[in-house]
Amino acid sequence: MIDGPYFVLVLLGVLGTGLVAGVFCGFSAFVMRGLASLPPAQGVAAMNAINRAALTPAFMLVFAGSAVLCAIIAVVTFVLWPDDGTVELLLGSALYLFGSFGLTVVANVPRNEALARLEPGTAEAASYWQVYLREWTLWNHVRTLASAAAALVYVLALS
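Residues numbered from 1 in each chain as written. Predicted model: local features only at pLDDT ≥ 70, side-chain atom pairs only at ≥ 80, totals over all residues. Heavy atoms only, no water.

(A) How the structure looks around the overall build of the chain. For the chain, the helix and strand inventory stands at five helices and zero strands. Listing every helix and strand of the chain by position from the N terminus yields α-α-α-α-α. With the C-alpha coordinates of the chain rotated into their principal frame, the extents come out at 60 × 25 × 20 Å. Out of the 159 residues in the chain, the part that is buried amounts to 40%. (Helix = DSSP H or I, 4+ residues; strand = E, 2+ residues; numbered from the N terminus. Buried < 20%, exposed > 50% of the residue type's maximum accessible area, 1.4 Å probe, protein only.)

(B) Up close: the pattern of salt bridges. Scanning the model with the defined rule gives one salt bridge in all. Glutamate 135 serves as the salt-bridge partner of arginine 111, at 3.0 Å between the closest nitrogen and oxygen. On the criterion of sequence distance, the pair formed by arginine 111 in helix α4 (residues 86-116) and glutamate 135 in helix α5 (residues 123-158) is long-range, its members being 24 residues apart. We classify arginine 111 as buried; its relative accessible area is 17%. (Salt bridge = Lys/Arg side-chain N within 4 Å of Asp/Glu carboxyl O.)

(C) Quick peek at unusual backbone geometry. For tryptophan 81, which is not glycine, the phi dihedral falls at a positive 40°. Within the fold, tryptophan 81 resides in the loop between α3 (57-80) and α4. The class for tryptophan 81 is partly exposed, based on a relative accessible area of 49%.

(D) Here's a closer look at α3. For α3, spanning 24 residues, the distance from its first C-alpha to its last is 32 Å, which sits close to the expected 34 Å at 1.5 Å a residue. Three or more residues of α3 are buried, namely Phe63, Ser66, Ala67, Leu69, Cys70, Ile73, Ala74 and Thr77. Against the buried residues of α3 lie α1 (4-36), α4 and α5. Backbone geometry just after α3 places tryptophan 81 at a positive phi near 40°. (Expected span 1.5 Å × (residues − 1). Contact = heavy atoms within 4.5 Å.)

(E) Spotlight on a nonpolar patch on the surface. Residues Val8, Leu12, Leu15 and Leu19 make up a contiguous nonpolar surface patch of about 350 Å² in total accessible area. With respect to the helices, strands and loops of the structure, leucine 12 is situated in helix α1. (Patch = residues over 30% accessible without salt bridge, like charges linked within 9 Å, V, L, I, M, F, W, Y side chains within 5 Å. Areas by Shrake-Rupley, 256 points an atom, 1.4 Å probe, with all protein chains shown as cover.)

(F) The side chain of threonine 137, seen in detail. Tracing the backbone shows threonine 137 in helix α5. Using a relative accessible area of 13% as the deciding quantity, one classes threonine 137 as buried.

(G) A look at the nonpolar core. Formed by 17 residues in total, the largest nonpolar core has its most connected members in Ile2, Val10, Ile73, Leu89, Tyr96 and Tyr154. Elements supplying a minimum of two residues to this core: α1, α3, α4 and α5. Not counting chain neighbours up to four residues away, the residues in contact with isoleucine 2 comprise Phe7, Asp84, Leu89, Ala157 and Leu158. Of all hydrophobic cores here, the second largest spans 14 residues; its members include Leu35, Leu115, Tyr128 and Trp129. (Core = buried A, V, L, I, M, F, W, Y, C linked by side-chain atoms within 4.5 Å.)

(H) Fine view of the packing of aromatic side chains. Evaluation of the coordinates by the stated rule reveals nine aromatic pairs. Look at phenylalanine 78 and tryptophan 81: their rings are 5.8 Å apart centre to centre, the planes differ by 35°, and that puts the pair in the tilted class. Classification of phenylalanine 78 as exposed rests on a relative accessible area of 54%. Through pairs of rings, three or more aromatic residues link up here, namely Phe24, Phe59, Phe63, Tyr96 and Phe101. (Phe/Tyr/Trp six-rings, centres within 6.5 Å; stacked < 30°, edge-to-face > 60°.)

(I) Molecular detail of the environment of leucine 156. In this structure, leucine 156 sits in helix α5. Take leucine 156: its relative accessible area is 42%, and that puts it in the partly exposed class. Measuring from C-alpha to C-alpha, the distance between leucine 156 and valine 23 comes to 22 Å, with 133 residues separating the pair along the chain.

Here it is, written out as structure tokens:
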């Protein structure tokens, strides 16, 4: 059984990865659909505003802080190699670090940056908007599942 400070680390890992999964799920379930229903110029402008607003200390603490926490959990797991939960702890860390945080860096952020460089009312923005909606949302589905799966396997490690 995981206990002491290690238990607290994993519990915080469950909380962080679960919160991020919830944010991403909201985007997949209704935010992107709502933005897609707007005229392209309004959708582009709204998404750019959302992307700027997302860089708040509160969200970045949960999002990046969860990545740091997952890395710490992985390192501590390698060092302690506990009798119970090792596979789950390493899997949970990998799911979040690669499937959520890493995927955000290589798939979602570059699309956000490309969108931010476009003037919302232009034909170029309208054309890219359709591609952006499809691709960004697809990768968001993946990082939602990865974050939720990370939280789930961390819970399994605790049981």
